[in-house]
Amino acid sequence: MRNQLVKSVKRNESMDMMYMAKNGEVSKRRIKVLQVGEVSFRAYCHLRGSKRTFRIDNVLALVPVIQKERVV
């Protein structure tokens, strides 16, 4: 999971994430990873509209956002 986060920073990708908060609540968030530490990472969370700190071990799923080209 950590390697995927590091790659998203290098590629400047937005990610869709399923995340479990410490109270057990699961949420889906679109994030832009800013920096990755050993146990946590900082990201801009579009759901909350602010920079947040997330624990890597609470990430349930992480996939890059694929933006399709518009055909004119």
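Each remark here, short or long, concerns the structure printed above.
Residues take numbers from 1 onward in each chain, read along the sequence in its written order. Restriction of local features to residues with pLDDT of at least 70 applies here, the model being predicted, together with a cutoff of 80 or more for giving and counting side-chain atom pairs; totals for whole chains, interfaces and linings are based on all residues. The side-chain quantities take in all heavy atoms of the structure and omit both hydrogens and water.

Labels follow the DSSP assignment, with helices taken as runs of H or I lasting at least four residues and strands as runs of E lasting at least two, numbered in each case from the N terminus. A tally of regular secondary structure across the protein chain gives one helix and five strands. In sequence order, the secondary structure elements of the protein chain are arranged as α-β-β-β-β-β. For a compact globule of 72 residues, the expected C-alpha radius of gyration is about 11 Å, and the protein chain comes in at 12 Å, within 12% of that figure. In terms of overall dimensions, the protein chain has C-alpha extents of about 45 × 25 × 20 Å along its principal axes. Taking all 72 residues of the protein chain together, 28% fall into the buried category. Residue contacts follow a heavy-atom distance rule, with two residues in contact if any of their heavy atoms lie within 4.5 Å. The contacts in the protein chain between residues at least 6 apart in sequence include a share of 41% that link residues at least 24 apart. Residue burial considers only the protein chains on display, and all accessible areas are found by Shrake-Rupley using a 1.4 Å probe. For the protein chain, the exposed surface amounts to about 5300 Å²; the carbon and sulfur share of it is 48%. On the protein chain, the mean spot of the 16 positive side-chain charges and the mean spot of the 6 negative ones are 4 Å from each other. Radius of gyration: over C-alpha atoms. The globule rule applied is 2.2 Å multiplied by the number of residues raised to the 0.38 power. Buried means the residue's accessible area, taken with a 1.4 Å probe over protein chains only, is under 20% of the maximum for its type, while exposed means over 50%, and partly exposed covers the values in between. Counted charges follow a simple rule, with Lys and Arg positive, Asp and Glu negative, and His plus the chain ends left uncounted. Note on charges: their place is set at NZ of Lys, CZ of Arg, CG of Asp or CD of Glu.

Here we come to the packing of aromatic side chains. Between rings of Phe, Tyr and Trp, where Trp is taken as its six-membered ring, a pair exists when centres lie within 6.5 Å; planes separated by under 30 degrees are stacked, by over 60 edge-to-face, and by other angles tilted. What the rule picks out here adds up to two aromatic pairs. With a centroid separation of 5.0 Å and 75° between ring planes, the pair formed by Tyr19 and Phe54 is classed as edge-to-face. Remark: Phe54 occurs in strand S4 (residues 50–55) and Tyr19 occurs in strand S1 (residues 14–20); sequence separation between them is 35 residues. In this structure, Tyr19 and Phe54 share a single accessibility class: buried.

As for its placement among the helices and strands, Val26 is situated in strand S2 (residues 26–36). For the pair formed by Val26 and Asn58, sequence separation is 32 residues and the distance between their alpha carbons is 9.5 Å. Ignoring anything within four residues of it in the chain, the contact list for Val26 reads Met18, Tyr19, Met20 and Leu60.

Next up on the list: unusual backbone geometry. Its identity is not glycine, yet Asn12 carries a phi of approximately 60°, on the positive side. Position of Asn12 relative to the elements: it lies in the loop between helix H1 (2–11) and S1. Note on Asn12: relative accessible area 55%, which makes it exposed.

Moving on to the pattern of salt bridges. Side-chain pairs of opposite charge can arise where the charged atoms are in close proximity. In what follows, salt bridge is the name for a side-chain nitrogen of Lys or Arg lying within 4 Å of a carboxyl oxygen of Asp or Glu. A complete count under the given rule lists three salt bridges for this structure. In this structure, Arg2 and Glu38 form a salt bridge, with 3.6 Å as the shortest nitrogen-oxygen distance. With Arg2 in helix H1 and Glu38 in the loop between S2 and strand S3 (40–45), this residue pair connects regions lying 36 residues apart in the sequence. A salt bridge links Arg55 to Asp57, with the nearest nitrogen and oxygen atoms 3.0 Å apart. Taking the relative accessible area as the measure of exposure, Arg55 reaches 41% and is therefore partly exposed. Of the residues examined, Asp57 reaches a relative accessible area of 53% and is grouped as exposed.

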